[in-house]
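# Per-entry structural report
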Amino acid sequence: MPLAAAHAPTDTTTSLRPAETGEALLAAYRDHLARTGRGNSAYRYWARVFVERWPDPQSWADEPLVVQLQANPSTRPFITFLLVTGRLRPSWEYLVHRKFSSIWRDVTGTAIGEDLDEFIIAARACDYSEQSARAMASQVLARVLFATGKRLGDLTNADFDALNLAGRRREEVTGRTWKHYRGCTTATRTVLFHHKILPAPPPPAQSRWPYQRRLAEVPEPMKSLLIGYLERKAVTCKPSTVSGLTTRLAAFATFVTRIDATLTPDRLERCAHIEAWMSSLPQTISTATRRPLTTAEQARRILAVSNFLAEITEWGWPNAPARKLMFRSDVPRLPQPLPRFLPPDADRRLQQALEESPDRLGADALLLQRACGLRIGELLDLELDAVIDLPAPGPG
């Protein structure tokens, strides 16, 4: 399906609407409520309160963020009206803190609504589902259009970089992850690249920090030893595996070097360092979940450190421990055993149910998984055309 023609790019930003009298602004809001099927008197009352305090709506954008976020549920629809009609251009900070439950009713008949509709058509042409396309449009693209005042064809990579920067700052301040929006932003930029609006595809959503940055809290010489070990592991392990090792070893090294900043592996002591660190794990808060580490994650951290010490000893590194410091009994027992194999009769019933299922896409995917021994992640990563039927030898 050919893509729709993109807007011709310009170097202009849409100006805010000319100043209106308070009554004219309130009358336009009443018409908007009527057009969108709403008649709540509280909406009209709080819109009047807003206009009396900020006769020029753009002056509200200069208020501190805490004031902006104090807007009550009956005021927020008026702010959304100002956004979609080009009467207000807020800060990136406000937009990443504000949750928009739904804007589709409000954007109907507006320039932003036209741009969102065009984007959805472009996203569907890139094989995104309707649901995914609408999510990208409302969660990412609408925020960029609100902040910049631009039309779709005038957007640049810098606009999306500004959104992600504000999201990362929100993450640092509140602890609320920006991971979902970061991935959604990457998908949005990919669509706009194929729609010939952005000049290049976006960088990966999850670009990993270099070792130096991730080990910034670890002093020398421990930091250099860990970097050397991770570089060695990167030769034989997947990037995701090395990334996990980096996180776990950085946490360990940060803990023990707070006891003695000059520590190296050969000077580690079982009681003073290893056992003190292991005893701290049940109370350690995960940076990802903001909750105490699970027993499984505690086990993974202990295994990561144990393997690190054992391997540098096997490799004959000069700073390796002189004796074994960690043992199999150090690994905590997981609360649940690993799942058992299906009994043969249950396996046969499952196979028959899959072969007879009317949901052929899901059933065939599971049959393929069982036949090839795929992990669920590997199955989900397959493209629809990844399996072909060869006449003689069979499916391949």
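Note that this is a predicted model, so its numbers are computed, not measured.

In terms of regular secondary structure, the chain is built from 19 helices and two strands. The C-alpha radius of gyration computed for the chain amounts to 28 Å, which surpasses the reference 21 Å derived for 396 residues by more than 25%, pointing to a less compact arrangement than a globule. Its C-alpha atoms give the chain principal-axis dimensions of roughly 80 × 65 × 40 Å. Residue pairs in contact within the chain that sit at least 24 positions apart in sequence constitute 61% of those at least 6 positions apart. Averaged over its 51 positive side-chain charges, the chain has a centre that lies 5 Å from the centre of its 43 negative ones.

This part takes up the packing of helix α9 (residues 130-148) against helix α10 (residues 157-174). One can describe the packing of α9 onto α10 by two numbers: an axis separation of 10 Å at closest approach and a directional angle of 105°. It follows that α9 is roughly perpendicular to α10 by the angle criterion. On α10, the residues that touch Val140, Leu141, Arg143, Val144 and Thr148 of α9 are Asp159, Phe160 and Leu163. Residues of the contact of α9 with α10, tallied by class, amount to five nonpolar, one polar and two charged.

Along the chain, the position of arginine 170 falls in helix α10. Among buried charged residues, arginine 170 stands out as having no salt bridge; its nearest opposite-charge side chain is glutamate 171, 6.6 Å away. A distance of 2.9 Å separates a polar atom in the side chain of arginine 170 from the backbone oxygen of valine 96. With residues near it in sequence (within four places) discarded, arginine 170 still touches Val96, His97, Gly175, Arg176, Thr177 and Trp178.

This brings us to the pattern of salt bridges. Once the charged atoms of two side chains with opposite charge are near each other, the side chains can pair. Under the criterion given, the structure shown has 18 salt bridges. Put simply, glutamate 311 and lysine 233 hold a salt bridge, and the shortest N to O gap is 3.2 Å. Of this pair, glutamate 311 sits in helix α16 (residues 295-314) while lysine 233 sits in helix α13 (residues 222-233), placing them 78 residues apart in sequence. The pair formed by glutamate 311 and lysine 233 is uniform in burial state, with each residue classed as buried. Arginine 248 is the partner of glutamate 297 in a salt bridge, and the nearest nitrogen-oxygen pair spans 3.0 Å. Residue glutamate 297 is located in helix α16, and its partner arginine 248 is located in helix α14 (residues 239-259); the two are separated by 49 residues in the primary sequence. Look at glutamate 297 and you get buried, because its relative accessible area is 13%. Among the charged side chains, a salt-bridge network with shared partners connects Arg248, Glu297, Arg300 and Arg301.

Attention now goes to the packing of aromatic side chains. If you walk through the whole model with that rule in mind, you get 14 aromatic pairs. Summarising the aromatic geometry, the rings of tyrosine 29 and phenylalanine 81 are spaced 5.2 Å apart at their centres and angled 45° between planes, so their arrangement reads as tilted. Residue tyrosine 29 is located in helix α1 (residues 22-35), and its partner phenylalanine 81 is located in helix α5 (residues 76-84); the two are separated by 52 residues in the primary sequence. Judged on exposure class, the residue tyrosine 29 and its partner phenylalanine 81 are both buried. Ring geometry for tryptophan 315 against tryptophan 317: centres 5.7 Å apart, planes inclined by 50°, an arrangement best described as tilted.

All right, on to α5 then. In terms of residue burial, α5 counts as a mostly covered element, since eight of its nine residues are buried. Buried residues of α5: Pro77, Phe78, Ile79, Thr80, Phe81, Leu82, Leu83 and Val84, and no others. At the exit of α5 stands glycine 86, carrying a positive phi of roughly 75°.

Let us now look at the side chain of histidine 273. Looking at the element boundaries, histidine 273 is found in helix α15 (residues 270-280). At 2.9 Å, the side chain of histidine 273 forms a polar contact with the backbone nitrogen of glutamate 269. Every residue in contact with histidine 273, bar those within four places of it in the chain, is listed here: Phe255, Val256, Ile259, Leu263, Arg267 and Leu268.

As a further point, take α10. Look at α10: 26 Å from first C-alpha to last across 18 residues, which is about the 26 Å you get at 1.5 Å a residue. Every buried residue belonging to α10 is among Asp159, Phe160, Leu163, Asn164, Ala166, Gly167 and Arg170, and all of these are buried. End-on view of α10: buried residues confined to an arc of 160°, all on one side of the axis. Exposed and facing more than 90 degrees away from the buried side of α10 are Arg169, Glu172 and Val173.

What follows covers unusual backbone geometry. Each neighbour pair has its own omega, and for glutamate 220 with proline 221 the value is 5°, a cis peptide bond. Along the polypeptide, proline 221 turns up in the loop between α12 (211-214) and α13. For arginine 290, which is not glycine, the phi dihedral falls at a positive 60°. Looking at the element boundaries, arginine 290 is found in the loop between α15 and α16.

A few words now on the environment of glutamine 283. Among the structural elements, glutamine 283 can be located in the loop between α15 and α16. Remark: the alpha-carbon pair of glutamine 283 and threonine 294, spanning 11 residues in sequence, is separated by 10.0 Å.

The subject of this paragraph is the packing of α10 against helix α11 (residues 179-194). Between α10 and α11, whose axes approach to 10 Å, the crossing angle comes to 175°. By the angle class used here, α10 and α11 are roughly antiparallel. Contacts between α10 and α11 involve Asn157, Phe160, Asp161, Leu163, Asn164 and Glu171 from the first element and Lys179, Arg182, Thr185, Thr188, Arg189 and Leu192 from the second. The class makeup of the residues in the contact of α10 with α11 is three nonpolar, four polar and five charged.

Turning next to the nonpolar core. Ranked by size, the top nonpolar core spans 57 residues in total, and within it Phe78, Leu116 and Phe119 carry the most contacts. Element by element, the count of residues in this core is highest for α9, at 10 residues. What leucine 116 contacts, discounting residues up to four positions off in sequence, is Ile103, Trp104, Val107, Ala137, Leu141, Ala142 and Leu145. Residues Ile227, Val256, Ala304 and Val305 belong to the second largest nonpolar core, which totals 30 residues.

Analysis parameters
Residues numbered from 1 in each chain as written. Predicted model: local features only at pLDDT ≥ 70, side-chain atom pairs only at ≥ 80, totals over all residues. Heavy atoms only, no water. Helix = DSSP H or I, 4+ residues; strand = E, 2+ residues; numbered from the N terminus. Rg over C-alpha atoms; globule rule 2.2 N^0.38 Å. Contact = heavy atoms within 4.5 Å. Lys, Arg positive; Asp, Glu negative; His and termini not counted. Charge placed at Lys NZ, Arg CZ, Asp CG, Glu CD. Axes fitted to C-alpha atoms, helices over the stretch in contact; angles between N-to-C directions. Parallel < 35°, antiparallel > 145°, perpendicular 65-115°, else oblique. Nonpolar A, V, L, I, M, F, W, Y, C, P; charged D, E, K, R; others polar. Buried < 20%, exposed > 50% of the residue type's maximum accessible area, 1.4 Å probe, protein only. Salt bridge = Lys/Arg side-chain N within 4 Å of Asp/Glu carboxyl O. Polar contact = N/O pair within 3.5 Å; in protein donor to acceptor, adjacent residues only side chain to side chain. Phe/Tyr/Trp six-rings, centres within 6.5 Å; stacked < 30°, edge-to-face > 60°. Expected span 1.5 Å × (residues − 1). Arc of directions from axis to C-beta. Core = buried A, V, L, I, M, F, W, Y, C linked by side-chain atoms within 4.5 Å.

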